[in-house]
Structures are given as structure tokens and as C-alpha cells.
Amino acid sequence: MRKFYLLLSALLLPLSQLLAQGKAVIVGSIAAPLSDHVELITYPNPLLSEEVKTAVPLNGKTFRIEVPVERAMVAELQHGEEVAQVYLESGYELELKTSGKSFLKSLKYKGKGANENNCLAKYTLRFEEEEEYQALPDNVKLPEKGFTEFLDYRRADQLSNLEKYASRYELSPSFRAFLQAEIDYSYALDILNYHPMRQQMLQVLLSKPSADFYSYLYDLDLDNPDNLISPSFLSFLRNYTTYYARESGYTEKSPAYFQVRYDVAEQELQGQVRLVAQAQVLKQSIQQGHLKYTTQLLHNFKQKSTDQAANAYLEKLFSENSTLVAGGLAPDLKLTTLSGEDVSLSDFRGNLIYVNFWRSDCGLCHVELPHLQRLTSKLGNHRVVFLNVAVGDNEEQWRQLVQKKELQGEQTLARATPAEVATQFGLKEVPAYILLDEEGRFISLKARRPSDHEAANDILQHLQVRQVSLK
């Protein structure tokens with residue numbers, strides 16, 4: 001009978017191991033809890049960069065979370081305002097103990113995966129607790145040589161701590177690769193951000209870093225797909241394409257800004273890493289970029305990507321954001337002129353249109369009115385229409401004010417309700433200013449205020465170069 005029992009146990013062991021595959025379990029105990037639940041935030045698909053939240057209630061001070069894990073991943077365990085990274089592999093069974101009063105400091109693990117997560121907790125705590133590890137607020141003020149020395153010290157210390165820990169505790173190869181990527185790319189990320197961060201902190205125009213300052217970047221294995229588990233690497237990719245676009249003279253106001261960043265990824269990266277970098281840029285372009293270029297990028301991405309979930313997600317995001325973006329066609333708002341004539345926004349096409357949404361009883365609108373009159377006079381001989389749209393106004397009060405102040409430009413009253421206008425044009429308050437091209441498409445949903453000294457130059461620039469730049 002004993003032999004049969006042993007044989008049955010031998011058969012059941014592989015079965016239990018098989019059942020453990022494809023998921024990870026965290027059983028936790030939190031002394032002095034900060035809330036009545038915990039959340040585990042995962043990012044299963046690097047192409048989507050969309051979080052998935054698994055929330056469970058505390059049973060007294062304890063909880064249990066089970067999540068699917070197909071490959072090694074880094075998740076975020078959130079409790080109250082506290083957040084800790086958790087490294088997970090398929091089959092992990094972690095026992096966590098901590099205190100709400102000192103969440104990171106008291107974080108301890110047991111069970112399968114404990115070595116990796118205790119190592120990660122120590123690594124994270126150094127960043128949280130020690131200013132000598134942080135670029136902001138003081139180290140970024142150092143001159144180039146001093147900043148590089150700071151980064152070299154931090155990296156050497158991190159590598160030394162990792163080797164000391166690994167000499168005492170067994171760590172999985174995937175975890176070693178992950179933490180190595182975190183060390184390498186937190187360094188690289190600070191290299192890329194040094195100049196813009198330093199300039200912002202010191203509030204002065206600084207000379208650019210020397211060419212050698214970026215030499216560290218050339219030795220990195222950017223195309224290694226193992227890097228994709230690292231949050232620092234994913235942040236680096238976004239900044240990497242931004243850096244090249246900025247060095248080429250493009251800013252977020254440039255219509256082709258996201259196209260340039262997408263092309264950087266195409267030229268400088270390979271394989272899955274290239275696709276992830278381009279998905280990052282495409283998502284930003286859908287939400288912030290020019291419709292013409294975004295449409296081209298989406299078409300190109302779908303031709304290369306075999307990830308149907310990512311393609312469907314980006315398609316849906318595009319359909320939801322294809323109106324209130326640069327290049328999107330402005331809604332054909334119905335208006336009434338001072339003489340009582342019914343017109344539409346489309347009637348003013350053929351010229352650049354600077355639209356002022358305002359109201360006669362709005363104090364800030366009155367502050368901007370003299371500046372708007374000067375701007376209208378200054379650019380009166382150019383192909384630009386200054387269209388003033390009163391929103392939700394008392395019609396008689398509006399007419400009296402326009403006539404009394406002899407306001408210039410096209411004076412109209414919106415026939416739609418304030419809520420409808422706000423939805424159609426993404427308005428949060430008045431005054432609000434938008435700039436439309438000759439076809440009635442958005443150039444800017446947040447054009448400069450008339451009181452801005454660069455408002456006239458901005459309009460003139462679009463008049464002179466816009467059509468050339470979009471061909």
C-alpha cells in the first residue's frame with residue numbers, strides 16, 4: 001500500500017507543477033493597513049502599454065491575489081498611496097509581509113520567488129530613500145562631468161549590490177536580465193534627460209552636452225527583447241525617439257514630429273523592440289499628433305504588426321480621437337451674425353481662421369479684447385479671418401457690447417448650447433482660442449491668446465509655411 005501511495009504522489013507532483021504554470025499567487029499580510037483592499041497592476045502586452053488591475057479586499061489584514069503570468073513580468077502592488085514593484089514568473093507563490101506605516105522598508109517575502117523580490121525591494125528602496133541615487137533635485141544641477149561621475153557611482157554601486165546579493169541567494173536568469181536592464185537604462189534615461197531637466201531647473205539657456213556625453217548609449221544592446229520587461233527601458237525608448245527628433249529640430253508643435261520619431265525607431269531599432277517603440281509613438285500621435293501623419297503611421301504599423309489585440313486597440317483609439325486633433329475637420333458650427341444672418345463655420349474657409357470663443361459677461365474675455373483688436377488690425381491685410389463666437393450669451397447684451405466697443409473681426413453668436421459647443425471643440429472654459437487652416441481643419445486646439453507676444457508670429461508662420469510643410 002505504501003508503494004502505491006508513493007507512486008501516486010510521484011504522479012501527482014508533476015500535475016501540481018503543471019497546474020501552477022501560467023499564473024502567480026501572492027498571499028500577503030499588512031500590519032496597520034492603509035485601506036481595505038490592495039491592487040496588483042500588470043502590463044501584459046508591451047505593445048499596448050495598458051494596465052490591467054486586479055483588486056482584492058483585505059480579510060482583516062490579509063489578502064490573496066492570483067494573476068495569469070505567461071512570461072516574466074514586473075507588476076505594481078498598490079495599497080493606499082503606497083506602491084511597490086513585484087517581479088513575477090509563472091509558478092511563483094509569494095508570501096508577503098509589510099506594514100502600512102513603512103511599506104517599502106518593512107517589505108519581506110517568503111516562498112517561491114522570494115529571493116528575486118527581496119532583491120528588488122532593496123534595489124527600489126535605495127532609489128526611494130537615498131538622495132545620492134536621484135538625479136532630481138540636486139544632482140541634475142551638476143556640470144556635465146560631475147553628473148557623469150554621479151551616474152557612474154550609482155551604477156557601480158547597483159552592480160556591486162546585485163553581485164553581493166547573488167553570491168548569497170539564487171536568482172533566476174530572467175530576473176538577473178531584468179535588473180541589469182533596470183540598471184543600464186535608468187543610467188541611459190538620465191543621460192537623455194540631463195540637458196532638458198538641467199535647463200528647466202536652472203531656468204537659463206545652457207549649452208548642449210558634448211558629443212562624448214552620449215557615448216554610453218552606443219554600447220547598449222537596444223534590440224534585446226529581454227529588455228522589454230524593464231519599465232526603465234520602456235521609458236528610455238520614448239525618450240530615445242524624442243531625443244533624435246529634438247536634435248533634428250522638431251518639437252511637439254511640428255506637424256511631422258511623431259512621424260520623425262516613428263522613423264527613428266524604424267531606422268535605429270530592430271525586431272520586437274522596434275515595434276514596441278513605434279506603438280508608443282503611434283499611441284501618442286493618435287492622442288496629440290496631426291491627423292494626416294497619424295493615419296499614415298497607423299496604416300504602416302498594421303502592415304507590420306501581427307498582434308491583433310494591439311491593432312484592434314490602436315484602431316479603436318484612433319476612431320475615438322480622430323476629430324479633436326490637429327488635422328481633424330472642425331465641426332460645422334451654426335452661427336448668427338450681428339445683422340441676424342445665419343452662417344456656418346464652413347463659410348469662412350479659404351482663409352486661416354483664428355476663432356475666439358467668448359462671452360460678453362466674462363471678465364477674462366474683456367481683458368483679452370483690446371489685445372484681440374490690436375491683433376486683428378495688425379494682420380488685417382493677410383489671409384486670416386478673426387472669427388469671434390459668443391457662446392451661451394444674452395443676445396441683446398452681446399449686440400450692445402459689440403456695437404458700443406466697435407469690435408473688429410467677424411462677430412457671431414453660436415446657435416448651439418454652451419454644452420454642445422464645449423463637446424464639439426473640447427472647450428473647458430472661455431475665452432478659448434483655436435486656429436483652423438484653409439480647409440477648416442484644426443491647426444491648434446489651443447492657439448496662443450491675443451495677449452501673447454508671439455500670437456501674431458505664430459499665425460504668420462502658419463500662413464507662410466504650413467502648406468509647404470504638409471505637402
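Residues numbered from 1 in each chain as written. Predicted model: local features only at pLDDT ≥ 70, side-chain atom pairs only at ≥ 80, totals over all residues. Heavy atoms only, no water.

Engineer: How should I be thinking about the overall build of the chain in this particular structure?
Structural biologist: Scanning the chain from terminus to terminus reveals 14 helices and 15 strands. Here the C-alpha radius of gyration of the chain, 29 Å, is well above what a compact globule of 471 residues would show, namely 23 Å. Along the three orthogonal principal directions, the C-alpha set of the chain runs to about 100 × 55 × 45 Å. Out of the 471 residues belonging to the chain, those deemed buried represent 47%. Roughly 24500 Å² of accessible area belongs to the chain as shown, and the carbon and sulfur atoms make up 50% of that amount. Between the centroid of the 51 positive side chains of the chain and the centroid of its 60 negative side chains there is a distance of 3 Å. (Helix = DSSP H or I, 4+ residues; strand = E, 2+ residues; numbered from the N terminus. Rg over C-alpha atoms; globule rule 2.2 N^0.38 Å. Buried < 20%, exposed > 50% of the residue type's maximum accessible area, 1.4 Å probe, protein only. Areas by Shrake-Rupley, 256 points an atom, 1.4 Å probe, with all protein chains shown as cover. Lys, Arg positive; Asp, Glu negative; His and termini not counted. Charge placed at Lys NZ, Arg CZ, Asp CG, Glu CD.)

Engineer: Sorry if this is basic, but what is going on with the domain arrangement of the chain here?
Structural biologist: How big an interface is tends to be stated in terms of accessible area lost as the parts join. Considered domain by domain, the chain is made up of domain 1 (23–112) and domain 2 (331–465). Taken over C-alpha atoms, the centre of domain 1 sits 51 Å from the centre of domain 2. (Domains from an automatic or database assignment.)

Engineer: How do you make sense of unusual backbone geometry when you look at a structure like this?
Structural biologist: Backbone geometry follows two general trends: most residues other than glycine have a negative phi, and most peptide bonds adopt the trans configuration. Between Leu136 and Pro137 the backbone carries a cis peptide bond, its omega angle lying at 5 degrees. Within the secondary structure layout, Pro137 lies in the loop between helix 2 (114–129) and helix 3 (144–168). With a phi angle near 50 degrees, Ala32 is a residue other than glycine that sits in the positive phi range. When you line up the elements, Ala32 lands in the loop between strand 1 (23–31) and strand 2 (37–42). Take Ala32: its relative accessible area is 29%, and that puts it in the partly exposed class. Within the chain, Glu406 stands out as a residue other than glycine whose phi angle is a positive 50 degrees. Relative to the helices and strands, Glu406 is located in the loop between helix 12 (395–405) and strand 13 (410–414). On the basis of relative accessibility, which here comes to 66%, the residue Glu406 falls in the exposed class.

Engineer: Sorry, what's going on with the sheet that holds strand 2 here?
Structural biologist: Across a sheet, strands are paired by hydrogen bonds formed along the backbone, either parallel or antiparallel in direction. Strand order in the open sheet made by the four strands is 3-2-5-6, with antiparallel pairing throughout. Looking at the sheet topology across the chains shown, the edges are occupied by strand 3 (52–57) and strand 6 (82–88). Taking each pair of neighbouring strands and ignoring which way they run, the sheet shows an average axis angle of 25 degrees. Of the pairings in the sheet, the one linking strand 5 (residues 73–79) to strand 6 comprises seven bridges and is antiparallel in character. The partner of Ala75 across the bridge, within strand 6, is Val86. (Pairing = 2+ DSSP bridges. Axes fitted to C-alpha atoms, helices over the stretch in contact; angles between N-to-C directions.)

Engineer: What exactly am I supposed to notice about the confidence of the model for the chain here?
Structural biologist: A low pLDDT means the predicted coordinates there should not be read in detail. Of the residues in the chain, 94% have a pLDDT of 70 or more, and the chain-wide mean is 90. Within the model, pLDDT remains below 50 along residues 1–20, and this stretch shows two contacts once partners closer than five positions in the same chain are excluded. pLDDT under 50 marks residues 466–471. Its contacts with residues more than four places away, or in other chains, come to 12 contacts. (pLDDT = per-residue confidence, 0-100. Contact = heavy atoms within 4.5 Å.)

Engineer: Would you mind going over the nonpolar core with me for this structure?
Structural biologist: Where a protein is soluble and globular, its nonpolar side chains tend to be buried together. Ranked by internal contacts, the top residues of the largest apolar core, which has 52 residues, are Phe147, Tyr185, Leu217, Phe236, Leu269 and Phe301. Only helix 3, helix 4 (173–202), helix 5 (215–218), helix 6 (231–247), helix 7 (257–268), helix 8 (271–288), helix 9 (291–304) and helix 10 (308–320) provide two or more residues apiece to this core. In terms of residue count, the dominant contributor to this core is helix 4 (nine residues). Residues in contact with Leu269, not counting those within four places in the same chain, are Leu222, Asp223, Leu237, Tyr240, Val264, Arg274 and Ala277. Counting residues in hydrophobic clusters, the runner-up holds 39 residues, among them Val67, Val74, Tyr92 and Leu171. (Core = buried A, V, L, I, M, F, W, Y, C linked by side-chain atoms within 4.5 Å.)

Engineer: Can you help me understand the pairing of strand 13 in this one?
Structural biologist: Taken residue by residue, a regular strand's side chains alternate between the two faces of the sheet. Of all five residues in strand 13, four are buried; the element is thus mostly enclosed. Summarising the sheet, strand 12 (residues 384–390) and strand 13 pair through four bridges and their orientation is parallel. The residue of strand 13 that forms the bridge with Leu387 is Glu410.

Engineer: I tried to follow the pattern of salt bridges on my own but got confused; where do I start?
Structural biologist: Side chains that carry opposite charge are capable of pairing whenever their charged atoms lie near each other. According to the stated counting rule, one finds 23 salt bridges in the structure shown. Among the salt bridges present, the one from Asp332 reaches Lys334, with a minimum N-O distance of 3.9 Å. Judged by relative accessible area, Asp332 falls into the partly exposed class, the value being 33%. On the basis of relative accessible area, Lys334 is assigned to the partly exposed category, the value being 40%. Within this structure, Lys23, Arg64 and Glu66 form a network of salt bridges that share partners. (Salt bridge = Lys/Arg side-chain N within 4 Å of Asp/Glu carboxyl O.)

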